[in-house]
There are 2 protein chains.
Amino acid sequence: MVERLVVIGGDAGGMSAASEARRRRPSSDLEIVVYERGGWISFSACGEPYFVGGEVEALEDLVARTPEQFADRDIEVHLFHEVTAIDAVNRTVTVRNVHRDVEFETPYDDLLIATGAAAVRPHIPGLDLEGVAFMRTLDDATALRALIEGGARRAVVVGGGYIGVEVAEALTRRDLQTTMVTAGESALEGAFDPEIGDRVVARMREIGIEFRAGLTAERVEGASGRVRAVEAGGERFEADIVVIAIGARPTVALAEAAGVPLGESGAIAIDDHQRTLIPGIWAAGDCAESHHRVGGHAVNIQLGTVANKQGRIAGVNLGGGDERFPGVLGTAISRLCDLEVARTGLTEAEAADLGIEAVTVAFNSRTAAGYWPEAERLHMKALAEVGSGRLLGAQIVGGTGAGKRIDAFAMALWNGMTAFDLVNVDLSYAPPFSGVWDPVLVAARELTDALESHTG
Amino acid sequence: MVERLVVIGGDAGGMSAASEARRRRPSSDLEIVVYERGGWISFSACGEPYFVGGEVEALEDLVARTPEQFADRDIEVHLFHEVTAIDAVNRTVTVRNVHRDVEFETPYDDLLIATGAAAVRPHIPGLDLEGVAFMRTLDDATALRALIEGGARRAVVVGGGYIGVEVAEALTRRDLQTTMVTAGESALEGAFDPEIGDRVVARMREIGIEFRAGLTAERVEGASGRVRAVEAGGERFEADIVVIAIGARPTVALAEAAGVPLGESGAIAIDDHQRTLIPGIWAAGDCAESHHRVGGHAVNIQLGTVANKQGRIAGVNLGGGDERFPGVLGTAISRLCDLEVARTGLTEAEAADLGIEAVTVAFNSRTAAGYWPEAERLHMKALAEVGSGRLLGAQIVGGTGAGKRIDAFAMALWNGMTAFDLVNVDLSYAPPFSGVWDPVLVAARELTDALESHTG
């Protein structure tokens, strides 16, 4: 008998699962139906800031595959179809056709929840004014670009995370006078330790972004239905555009209503096969929880890398295979013009929160041999556990070529290496690429020294 | 009682050992004396092609530390002092002061042989003509640069390895009409599989280097004591400069004469603490053997990375510590203008030679998201063992930002990961840096498919 897989949400988690399941089971064995409440599937949310900034010209460039391409593989995609309820007992979902405003019920054998995450809306007045923008969906990005091209001159970005920083750069590229206002102490707070964030702040200021820390947005002020200013921490910042980028939360209301348990991160709890605790219901992507391999704690990482991988694992298992999702490291990379920032594992603050006693090192290095004329600066911070020497995490900030080096460190973390193990790893070297001791190895050497003097 | 460490050779292996030993034992406990037969210590041989090409202006830039700096740390360095004999029974060495042509004997408690490697001199006539150059020492580089600046117009590089390719680029930068002649089938033969080498050849031709494969140099022809042409494979190539770059051999005559056994690679056999088989005698760097972690075989890798690491390990153990050298992967990187080439582990040819049954994948990818305007091309080849799925090696060739990605793969190899393990590793992603599946992860996915279809 043909089984039926229903997927809720057509971005990375959902479509990766659908693709992988189809690769393993033909349509004579498994019907696959995707309901997406918006008008786009399989798009790169991470690419949106560059569309806003104009580096990526066409919105379509951000779409990896169209519904037609999925149809060719017998994956049925319904755009503008929102799943409004799950009946986990009878294994049906209620679907609303958003355009025609009609609802219907449809059965499933297996259900994958891949509802993603939604931008956090602060509880402040004025969010409905024209000129207020969010950055989550392609429609958000389109709206923001239209505002820019409509002649806006001053922008305020509320929030200092990855998206805030990337959007601030994009606005500056578009010649808007841009201010970033954050409640935090520095940029990229939470993702990076503050002294790393401060380097990003310094670069933002160099490119003309006004950065203001420690200010909580209280109100968006308007006139004639249009944004005029943001009030934050008692100060007033004039603006034609206000981008709210204070983070995103996993979209779990539908799952919760159906009795699907959440985990301690607030995202949907899953086992290592992407199964929720309710039979027949699976979850993947930004709405689902992950296990942090270094900290051992539950996390909700809203990144395309994790969504794609979780989706693939769900698809393998829905497709009759048997593969477990081995967890995450919290690896991430971003860019502010030519300044690259990257992280993996735990920050110093995260290690402290988890009660892990760590030694920390920080040092300056280069992306090439010291004598190389085009060597870019690179600053690296790394930590290891006192006693065991187990590597815990690293952060890199620097010029072109600095950021991707985090992957070598991520790979070391993944394998549970100690700082002592890492020192001797045979990494590549030639003068245009690094010193003879690559910065990742320098980190290991500094950590072993710190560990030894901590013991001694 | 003060012990005495004598180090033969003042480059990476020797000076790393001396530094590390000194860090651990003060001069009241350990006297350290270095004899270097040339006029330079602690220099970057890898940087020489860039000095020749003029990208690095001053020769001194290639020197990491001077004898004076070592003297400040109570490490005694004697330039132009060649060790001509080792008496392993009485623990003495015979040293010749090259300038004054006098010899003396001096005792040691421990002796580190760090004599490096020397350029292979082919058995062909004409090598003593003016205009024939080698590329090994700083003096070689200086001589070649002088020849270029003396008005040479045509150059022939004999040999197609890393140094040959890097020198050919340097000569082209200096506006010399340059021909590369190699006995091999492609460039970088041995280090890379031929189809990767062919991409380097294509780039060489684009920048105006004439590349001729399958031709063995038979004779350097001169007139009035100066080079006029090279004859190879029955053809004649006119030249004002002939650079011989057909590889290097470990400098082991001194060790052999003293009865220090060599390993199967032809380099000095050592245990995992850098001890030779003769009590009190150690070896590190280009003259010493290494254990290949993937192939399990003995290799002689003449790279600064390995020399520095072996030297450090020797220094740790000479300094009273206890650390083993865990082997090598044969990781390496090079550059031809903006084309980066990198490798780690085994090539397809090496795996075959070792009798390891492998699946191989090769694919094109990019250094950024597909839609990213400045994405550079990247071609990757990777192999894994049939049955176990154990990763065996990878080669990358591509534009700026491609090469250093080899380090993530190297780290995976180092930890003995399988292709199945590698698929899910949490590497960094943002559109300016890679697709959501980093090329290293794409390699893993392609390998798992190849492994599965091989089994099936």
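Definitions and cut-offs
Residues numbered from 1 in each chain as written. Chains lettered and ligands numbered in written order. Predicted model: local features only at pLDDT ≥ 70, side-chain atom pairs only at ≥ 80, totals over all residues. Heavy atoms only, no water. Least-squares fit on C-alpha atoms with pLDDT ≥ 70 in both. Contact = heavy atoms within 4.5 Å. pLDDT = per-residue confidence, 0-100. Axes fitted to C-alpha atoms, helices over the stretch in contact; angles between N-to-C directions. Helix = DSSP H or I, 4+ residues; strand = E, 2+ residues; numbered from the N terminus. Left-handed = near helix turned anticlockwise from the far one by under 90°. Buried area = accessible area lost by both parts, 1.4 Å probe. Salt bridge = Lys/Arg side-chain N within 4 Å of Asp/Glu carboxyl O. Polar contact = N/O pair within 3.5 Å; in protein donor to acceptor, adjacent residues only side chain to side chain. Buried < 20%, exposed > 50% of the residue type's maximum accessible area, 1.4 Å probe, protein only. Lys, Arg positive; Asp, Glu negative; His and termini not counted. Parallel < 35°, antiparallel > 145°, perpendicular 65-115°, else oblique.

Here we come to the relation of the copies chain A and chain B. For these two chains of identical sequence, chain A goes onto chain B by a turn of 180° and a shift of 0.0 Å along the axis, with RMSD 0.0 Å. Expressed as a symmetry operation, the mapping of one chain copy onto the other fits a two-fold axis. No C-alpha of chain A lies nearer the rotation axis than that of Ala408(A), which sits 2.2 Å from it. Here 100% of the contact residues of chain A are again contact residues in chain B; the copies associate through an equivalent surface.

A few words now on the confidence of the model for chain A. Counting all residues, the mean pLDDT for chain A is 97, and 100% of those residues have values of 70 or more. The complex model carries a pTM of 0.97, and its ipTM stands at 0.96.

Here we take up the packing of helix H1 (residues 12-24) of chain A against helix H8 (residues 304-318) of chain A. Residue and element names in this part refer to chain A. Direction vectors running N to C along H1 and H8 enclose 35°, while the axes themselves pass 7 Å from each other. Handedness of the crossing formed by H1 with H8: right-handed. Here H1 contributes Ala12, Gly13, Ser16, Ala17, Glu20, Ala21 and Arg24 to the contact with H8, which in turn contributes Ala307, Asn308, Gly311, Arg312, Ala314, Gly315, Val316 and Leu318.

The interface is formed by 64 residues belonging to chain A together with 64 residues belonging to chain B. Carbon and sulfur atoms supply 63% of the area buried between chain A and chain B, which totals about 5400 Å² over both sides. Taken together, the links from chain A to chain B amount to 5 salt bridges. Here chain A and chain B share 22 residue pairs in polar contact (both at pLDDT 80 or more) between them. Contributions of two or more residues to the side of chain A that touches chain B are made by H1, H8, strand E21 (332-336), helix H10 (406-414), helix H11 (419-422) and helix H12 (439-455) of chain A.

The next subject is the side chain of Arg22(A). Residue and element names in this part refer to chain A. Counting through the fold element by element, Arg22 comes out in helix H1. Within the buried set, Arg22 has no salt-bridge partner at all; the shortest N-O distance to an opposite charge, 5.3 Å, is to Asp74. Aside from chain neighbours lying at most four places away, what touches Arg22 is Ser27, Leu30, Glu31, Ile32, Arg73, Asp74 and Ile75.

Residue and element names in this part refer to chain B. In this structure the tally under the stated criterion is 75 salt bridges over all chains. Among the salt bridges present, the one from Glu20 reaches Arg23, with a minimum N-O distance of 3.3 Å. Of the two residues, Glu20 and Arg23 both sit in helix H1 (residues 12-24), 3 residues apart, roughly one turn of that helix. The shortest N-O distance in the salt bridge between Asp438 and Arg405 comes to 3.4 Å. Of this pair, Asp438 sits in the loop between helix H11 (419-422) and helix H12 (439-455) while Arg405 is found in the loop between strand E25 (391-398) and helix H10 (406-414), placing the two residues 33 residues apart along the sequence.

Attention now goes to the packing of H10(A) against H10(B). Two numbers describe how H10(A) lies on H10(B): the axes approach to 8 Å, and their chain directions differ by 15°. Judged on the interaxial angle alone, H10(B) and H10(A) are roughly parallel. Read as a crossing pair, H10(A) and H10(B) show a hand that is right-handed. Contacts between H10(A) and H10(B) involve Asp407(A), Ala408(A), Met411(A) and Ala412(A) on the former and, on the latter, Asp407(B), Ala408(B), Met411(B) and Ala412(B).

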